[in-house]
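# What the coordinates show
Now for the letters of each chain:
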Amino acid sequence: MDYQKILNRIENELREFKDAGNVASYIPELCTVEPSKFGVHLITIDNRSYYLGDSDEKFSIQSISKVLSLTLAFMLEDDSLWERVGVEPSGTSFNSLVQLEYEQGIPRNPFINAGALVICDILISRLQNPKQKLLEFARKLSGSSSIDYCIRVSESERQVGYKNAALINLMKSYGNIKNNIETVLDFYFTLCSIEMTCQELAQTFLFLALNGVNPLINERIISVSKSKRINAIMQLCGFYDEAGEFSFKVGLPGKSGIGGGIVAIQPGKYSVAVWSPKLNEKGNSIKGMKVLELLTTKTQSSIF
Ligand code: GLU
């Protein structure tokens, strides 16, 4: 498959593409990004790379980092994890409080904010220095020592983090948060502030295309079964309240973030990361979704 030719064609087709959305604004620091940024990086399981545009520029990966925290927690916890967080799509927005009260403080899945906060709580209970461990994990998977948190972004989010504070307080009242609320929120905001390039993102998540093995270091990160399960959760819950639409149009497991990034996996073939900061009303990158739709259409391959 000549992926570079296909990516070039997609770039040409999208030259006149009108993405009428907006850059995320509720975290003030995220507004400083140039809305026209656009990058794509695809890595095949035999480590061939194909890319476009600003694929080497770092951006805030935001919720995409929740796949990393889930993977780390799943490495430590086994199936007891699912007693504290579910695996069902939420059908509500990523920071919704309503469902959490009905369901007595057990979040629907690890990718909505409430679920990611529970995962952070688990990592704090299990690890001496979860921030450092998570960073080392991302650097190891990506092979890039320059990956880091962005303090400006985490501080900016902390200052407006009322909804996340409400979510964690509600869960604490149901007994589903074991550690100090401030400590968990601090880890969560820091986790969301990781910056990566499209290249680093695609490389980081390649283990999910290879049944849990990272080809860069030739090391099994998680079992075949756990890799399948993480892909399944991405398929069903990776795109806020738009996972159905993404499945319908793209047909790959993936995860988006409000920084405008999306990572998607074609198991057995490749991992691909896209970045374009303008979001639709659901919080997903408009051009990013379009690129991936065209990619699976033109390669005539999806998981279905
Ligand atoms: N840090 C963001 C929040 O908690 C993550 C949003 C996202 O990318 O979904 O609101």
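Above this text sits the structure in question.
Residues numbered from 1 in each chain as written. Predicted model: local features only at pLDDT ≥ 70, side-chain atom pairs only at ≥ 80, totals over all residues. Heavy atoms only, no water.

What is expected of a backbone is that most residues other than glycine have negative phi and most peptide bonds are trans. A positive phi is found at Gln104, a non-glycine position, where the angle reads about 55°. The topology assignment puts Gln104 in the loop between α3 (98–102) and α4 (113–126). Relative accessible area serves as the criterion here: at 53%, Gln104 is assigned to the exposed category. Even without a glycine there, the phi angle at Asn211 is positive, about 55°. Asn211 sits in the partly exposed class, given a relative accessible area of 44%. (Helix = DSSP H or I, 4+ residues; strand = E, 2+ residues; numbered from the N terminus. Buried < 20%, exposed > 50% of the residue type's maximum accessible area, 1.4 Å probe, protein only.)

So, about the site of the ligand. Taken together, Tyr26, Gln62, Ser63, Phe94, Asn113, Glu157, Asn164, Tyr188, Cys192, Tyr240, Gly257 and Ile258 make up the full set of residues adjacent to the ligand. Between the ligand and the protein, one listed contact pairs an oxygen atom with a side-chain N or O atom of Asn164 at 3.0 Å. A distance of 2.9 Å separates an oxygen atom of the ligand from a polar backbone atom of Ile258. Against a free-state accessible area of 300 Å², the protein chains account for coverage of 99% of the ligand. Its residues assigned to classes, the shell around the ligand comprises six nonpolar, five polar and one charged. (Near = heavy atom within 4 Å. Polar contact = N/O pair within 3.5 Å; in protein donor to acceptor, adjacent residues only side chain to side chain. Areas by Shrake-Rupley, 256 points an atom, 1.4 Å probe, with all protein chains shown as cover. Nonpolar A, V, L, I, M, F, W, Y, C, P; charged D, E, K, R; others polar.)

For the rest of this paragraph, the subject is helix α8 (residues 181–192). Here α8 is twelve residues long and its end C-alpha atoms lie 17 Å apart, about the 16 Å a rise of 1.5 Å per residue gives. Of all the positions in α8, only Ile181, Val184, Leu185, Phe187, Tyr188, Phe189, Thr190, Leu191 and Cys192 are classed as buried. Those residues of α8 that are buried lie in contact with β3 (59–60), α2 (65–77), α4, α5 (130–142), α6 (151–159) and α7 (162–173). (Expected span 1.5 Å × (residues − 1). Contact = heavy atoms within 4.5 Å.)

Before going further, it helps to spend a moment on the packing of α2 against α8. For the pair α2 and α8, interaxial distance at closest approach is 9 Å and the crossing angle is 125°. Classified by the angle their axes make, α2 and α8 are oblique. The handedness of the crossing between α2 and α8 comes out as right-handed. On α8, the residues touching Ser65, Lys66 and Ser69 of α2 are Tyr188, Leu191 and Cys192. For the contact of α2 with α8, a count of residues per class yields three nonpolar, two polar and one charged. (Axes fitted to C-alpha atoms, helices over the stretch in contact; angles between N-to-C directions. Parallel < 35°, antiparallel > 145°, perpendicular 65-115°, else oblique. Left-handed = near helix turned anticlockwise from the far one by under 90°.)

What follows is about the side chain of Lys226. Mapped onto the fold, Lys226 is located in helix α10 (residues 224–237). Within the structure, the side chain of Lys226 is placed 2.7 Å from the backbone oxygen of Phe74, a separation counted as a polar contact. Among the polar contacts made by the side chain of Lys226, one reaches the side chain of Asp78 at a distance of 2.9 Å. Discounting residues that sit within four places of it in the chain, Lys226 has contacts with Phe74, Met75 and Asp78.

Moving on: the side chain of Ser271. Relative to the helices and strands, Ser271 is located in strand β9 (residues 270–275). Owing to a relative accessible area of 0%, Ser271 belongs among the buried residues under this scheme. Of the polar contacts made by the side chain of Ser271, one reaches the backbone oxygen of Ala202; its length is 2.7 Å. If we skip the residues at most four places from it in the chain, Ser271 touches His41, Leu42, Ile43, Ala202, Phe205, Leu206, Val263, Ala264 and Ile265.

Attention now moves to the pairing of β9. Side-chain direction in a regular strand flips from residue to residue, so the side chains alternate between the two faces of the sheet. Across the six residues of β9, six count as buried, placing the element largely inside the fold. Pairing of strand β1 (residues 39–44) with β9, which is carried by six bridges, proceeds in the antiparallel orientation. By the bridge assignment for β9, Ile43 is matched with Ser271. Pairing of strand β8 (residues 261–266) with β9 involves six bridges; the strand directions are antiparallel. Note on β9: the bridge partner recorded for Ala264 is Val272. Counting the residues between successive antiparallel strands, the hairpin from β8 to β9 contains three residues, one of them, Gly268, with a positive phi of roughly 85°. (Pairing = 2+ DSSP bridges.)

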